[in-house]
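Here is what each chain is made of, one letter per residue.
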Amino acid sequence: MIDRPDWDHYFMRIAVVVASRSTCMRRQVGALLVLDKRILATGYNGAPGGLPHCEEVGCIRQERQIPSGERHELCRGLHAEQNAIIQAAVHGVAIKGSVLYCTHYPCAVCAKMLINAGVTSLLLSDNYPDQLAKKIFSEAGIAVNFIV
């Protein structure tokens, strides 16, 4: 018998591969937006296209010893979830009603963006220390589940 992953594990495995493209020195994150078992967009965290990556110019957050989950504006990179939303927008792909598969729990900024983009639920493989994001998703009625 073939050892075939279910859909959720299949998409999460792809999110892990997407994360491998990340240029972040602190955490590699990958995200997929999926609707009806079809991948609409992917994203990983890193500097905007055409700009030097943190591995080339250094990490501001690391240099200033900023803890995870704080001061997101002090980073030259975009988050994986943001890049997935942007990729969909650039290519004219509607993501309303989609599911986010992500290697890590989104921050509060990404949570607000995902809610306004119409993402209906999240499947995650790892946590992240942002209590405000958890509160925002709960208030919005967004289902958040973890895949092991």
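Residues numbered from 1 in each chain as written. Predicted model: local features only at pLDDT ≥ 70, side-chain atom pairs only at ≥ 80, totals over all residues. Heavy atoms only, no water.

### Overview of the overall build of the chain
The condition that has to hold: Counting from the N terminus, the helices are DSSP H or I runs at least four residues long and the strands are E runs at least two residues long. Computation of the radius of gyration draws on C-alpha atoms alone. For the globule rule, the value is 2.2 Å times the number of residues to the power 0.38. Each residue gets one of three labels from its accessible area relative to the maximum for its type: buried under 20%, exposed over 50%, partly exposed in between, using a 1.4 Å probe on protein chains only. Note on contacts: a residue pair is in contact if any heavy atoms of the two residues lie within 4.5 Å. Note on areas: Shrake-Rupley with a 1.4 Å probe; residue coverage comes only from the protein chains shown. The charge count includes Lys and Arg as positive and Asp and Glu as negative, but it does not include His or the ends of the chains. Here the site of a charge means atom NZ of a Lys, CZ of an Arg, CG of an Asp or CD of a Glu.
Looking only at helices and strands, the chain has 6 helices and 5 strands in total. Listed N to C, the secondary structure of the chain is α-β-β-α-α-α-β-α-β-α-β in terms of helices and strands. Over its C-alpha atoms the chain spans a radius of gyration of 15 Å, differing by no more than 12% from the 15 Å that the globule rule assigns to 148 residues. Overall, the chain is about 50 × 35 × 35 Å in size when its C-alpha atoms are taken along their principal axes. By the burial criterion, 42% of the 148 residues in the chain qualify as buried. Counting contacts in the chain only where the partners sit at least 6 residues apart, residues at least 24 apart contribute 54% of the total. By element, 53% of the accessible surface of the chain is carried by carbon and sulfur atoms, the whole surface being about 8,500 Å². Between the averaged position of the 15 positive side-chain charges in the chain and that of its 13 negative side-chain charges there is a distance of 3 Å.

### Describing helix 4 (residues 80-90)
Turning to helix 4, its buried residues are Ala80, Glu81, Gln82, Asn83, Ala84, Ile85 and Ala88. Buried-residue contacts for helix 4 involve strand 1 (30-35), strand 2 (38-44), strand 3 (99-102) and helix 5 (108-117). Just beyond helix 4, the residue with positive phi is Gly92, at close to 70°.

### Comments concerning the pattern of salt bridges
Oppositely charged side chains are able to pair whenever their charged atoms sit close together. The following threshold applies: Think of a salt bridge as a Lys or Arg side-chain nitrogen and an Asp or Glu carboxyl oxygen that are within 4 Å of each other.
Evaluation of the coordinates by the stated rule reveals 2 salt bridges. A salt bridge links Arg71 to Glu73, with the nearest nitrogen and oxygen atoms 2.6 Å apart. A relative accessible area of 46% places Arg71 in the partly exposed class. Judged by relative accessible area, Glu73 falls into the exposed class, the value being 55%.

### Some words on the sheet that holds strand 5 (residues 143-146)
Note the following rule: By definition, two strands form a pair when at least two bridges between them are found by DSSP. Axis definition: a line fit to C-alpha positions, over the contact stretch in the case of helices; interaxial angles, taken between N-to-C directions, run 0 to 180 degrees.
Strand order in the open sheet formed by 5 strands is 2-1-3-4-5, with mixed pairing between adjacent strands. Each of the sheet's edge strands pairs with one partner strand only, and the pair in question is strand 2 and strand 5. This sheet shows a mean twist of 20° between the axes of neighbouring strands, independent of strand direction. Here 6 bridges tie strand 1 to strand 2, and the two strands are oriented antiparallel to one another. Looking at strand 2, one finds that Leu32 is bridged to Thr42.

### Observations concerning the nonpolar core
The test is simple: By nonpolar core we mean a set of buried residues, namely Ala, Val, Leu, Ile, Met, Phe, Trp, Tyr and Cys, connected to one another through side-chain atoms within 4.5 Å.
Membership of the largest hydrophobic core comes to 25 residues, with the highest contact counts inside it found for Leu33, Leu100, Leu122 and Phe137. Contacts of Phe137, omitting those with residues within four sequence positions, involve Tyr105, Pro106, Ala111, Leu114, Ile115, Leu122, Ile142 and Val144. Of all hydrophobic cores here, the second largest spans 10 residues; its members include Met12, Val18, Tyr101 and Leu123.

### Regarding the layout of surface pockets
Where empty space is left becomes clear once a probe the size of a water molecule has been rolled over the atoms. Where we set the bar: With a 1 Å grid spanning the protein atoms alone, the term cavity applies to any set of points in which a 1.4 Å probe fits but cannot get out, the term pocket to an open set with protein on both sides within 12 Å along at least five of seven lines, and the term lining residue to any residue with an atom within 4 Å of a point. Grid points are joined across faces, edges and corners, and a volume is the space filled by probe spheres set on the points. Polarity classes work like this: nonpolar for Ala, Val, Leu, Ile, Met, Phe, Trp, Tyr, Cys and Pro, charged for Asp, Glu, Lys and Arg, and polar for all others, with Gly in that last group.
Estimated volume of the largest pocket: approximately 370 Å³. Together, 25 residues line the largest pocket, and Cys24, Arg27, Asn45, His79 and Tyr128 are the ones closest to its centre. Along the lines of polarity and charge, the residues of the lining of the largest pocket split into 13 nonpolar, 8 polar and 4 charged. Looking at the second largest pocket, its volume works out to about 200 Å³.

### Observations regarding the packing of helix 5 against helix 6 (residues 131-140)
How we decide: For classification, angles of less than 35 degrees are called roughly parallel, those exceeding 145 degrees roughly antiparallel, those between 65 and 115 degrees roughly perpendicular, and all remaining angles oblique. Each crossing gets its hand from how the near helix is turned against the far one by less than a right angle, where anticlockwise is left-handed and clockwise is right-handed.
The contact between helix 5 and helix 6 brings their axes to 8 Å, and the two run at 20°. Put simply, helix 5 runs roughly parallel to helix 6. The hand of the helix 5/helix 6 crossing is right-handed. Contacts from Ala108, Ala111, Lys112, Leu114 and Ile115 in helix 5 reach Leu132, Ala133, Ile136, Phe137 and Ala140 in helix 6. Per-class residue counts for the contact of helix 5 with helix 6 are 9 nonpolar, no polar and 1 charged.

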